[in-house]
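The residues making up each chain are set out below.
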Amino acid sequence: MKMTLTAIRLSVVLMLLCGLIYPLVTTGVAGALFPKQAEGSLIEVNGKVVGSELLAQDFQSSKLFHPRASNAKYDPTATAGSNMAIAYPEYVKAMKEQIDALRKDNPNLTDIPADLVTISGSGFDPDLSPEAAKAQVPRISKETGISEQELNELVDANTTSRQLGIFGEPRVNVTEINMELLKQVK
């Protein structure tokens, strides 16, 4: 009986420590040190939340940068990759369709960055490579009247480098760059 009571007391202490105290402390510290990230890395324009730095949105306008394709149709409650291998005939067909659609919208495009035609693993990758963003510049320039040089400078200004100089790849957040672009397009 003594062992049972000891086990119950230890279980209660560990539940309180690990299930209540630790989560409250880490949440409080995260909120104090990283308030923007703790709140979802939200993007606000004129006091209105227009998205998150962490989730891609579907921008269909030819005047804006387009993100990577999403199997989940950009629905954050339905995250999904395609699970298709490169040798799978349906994958090859889908890539050809993506390339044809991309070339239709961007007729001067010769070298196609992979992230413009492939789907991200989660379906919500908000970032493109700088090359993929710059590949869309001629189309956007034609549609908006903004010079290609200005658009390339906008891409450069919105390019985030590798974390700590070694992790990841340089990237452009599509939602953030489109919010900047919309300020000029109006």
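Quick note: structure is the one above.
What you see as residue numbers is a count from 1 along each chain, following the sequence as written. Local features are withheld for residues below a pLDDT of 70 in this predicted model, meaning they are given only at 70 or higher, and side-chain atom pairs are given and counted only at 80 or more; totals for whole chains, interfaces and linings count all residues. As a rule here, side-chain values cover all heavy atoms of the structure and leave hydrogens and water aside.

Enquirer: Even after reading the chapter, I still don't get the nonpolar core, so can you show me in this structure?
Expert: Soluble globular proteins tend to pack their nonpolar side chains together in the buried interior. In this structure, Phe65, Leu116, Leu151, Val155, Ile177 and Leu181 are the most contacted members of the largest nonpolar core, which totals 25 residues. When contributions to this core are tallied by element, the ones reaching two or more residues are α3 (89-105), α4 (130-135), α5 (137-144), α6 (148-157) and α7 (174-185). Residue contributions to this core peak at four residues, all from α7. Residue types Ala, Val, Leu, Ile, Met, Phe, Trp, Tyr and Cys, when buried and joined through side-chain atoms within 4.5 Å, form a set referred to as a nonpolar core. Residue exposure (1.4 Å probe, protein chains only): buried if accessible area is under 20% of the type maximum, exposed if over 50%, otherwise partly exposed. Secondary structure elements follow DSSP: runs of H or I no shorter than four residues count as helices, runs of E no shorter than two count as strands, and numbering proceeds from the N terminus.

Enquirer: Sorry if this is basic, but what is going on with the sheet that holds strand β4 (residues 159-160) here?
Expert: Across a sheet, paired strands are connected by hydrogen bonds in the backbone, their directions being either parallel or antiparallel. One requirement defines pairing of two strands: DSSP has to find at least two bridges between them. Ordered in space as β3-β5-β4, the three strands form an open sheet in which the pairing is antiparallel. A single partner strand is all that each edge strand has here, and the edge strands are β3 (127-128) and β4. Two strands pair when backbone bridges link them, and β3 and strand β5 (residues 171-173) are joined in this way by two bridges, in the antiparallel orientation. Each bridged residue has a counterpart across the sheet, and for Asp127 the counterpart in β5 is Asn173. Here, residues are in contact when the closest pair of their heavy atoms is within 4.5 Å. Simply put, an axis is a line fit to the C-alpha atoms, just over the touching stretch for a helix, and the angle between two N-to-C directions goes from 0 to 180 degrees. Against the sheet, α7 contacts β3 and β5, and its axis sits at roughly 60° relative to β5.

Enquirer: I would appreciate a short explanation of the side chain of Thr118 in the present structure.
Expert: Along the chain, Thr118 turns up in the loop between α3 and β3. In protein, a polar contact means a hydrogen-donor-capable atom and an acceptor-capable atom, both N or O and within 3.5 Å, with residues adjacent in sequence counting only if both atoms are side-chain atoms; elsewhere, any N or O pair within 3.5 Å suffices. Within the local environment of Thr118, its side chain forms a polar contact with the side chain of Arg68, the two groups lying 2.8 Å apart. A distance of 2.9 Å separates a polar atom in the side chain of Thr118 from the backbone oxygen of Ala114. For Thr118, the contacting residues outside a window of four places in its chain are Arg68, Ala69, Tyr91 and Met95.

Enquirer: Just to check I follow, could you spell out the pattern of salt bridges for this structure?
Expert: Pairing is possible between side chains of opposite charge, provided their charged atoms come close. By definition, a salt bridge exists where a carboxyl oxygen of Asp or Glu is found within 4 Å of a side-chain nitrogen of Lys or Arg. Counted under the stated rule, the structure contains six salt bridges. Measuring nitrogen to oxygen at the nearest pair gives 2.8 Å for the salt bridge that ties Asp156 to Lys134. Placement of Asp156 in helix α6 and of Lys134 in helix α4 is noted, with a sequence separation of 22 residues between them. Overall, Lys134 belongs to the partly exposed group, its relative accessible area being 32%.

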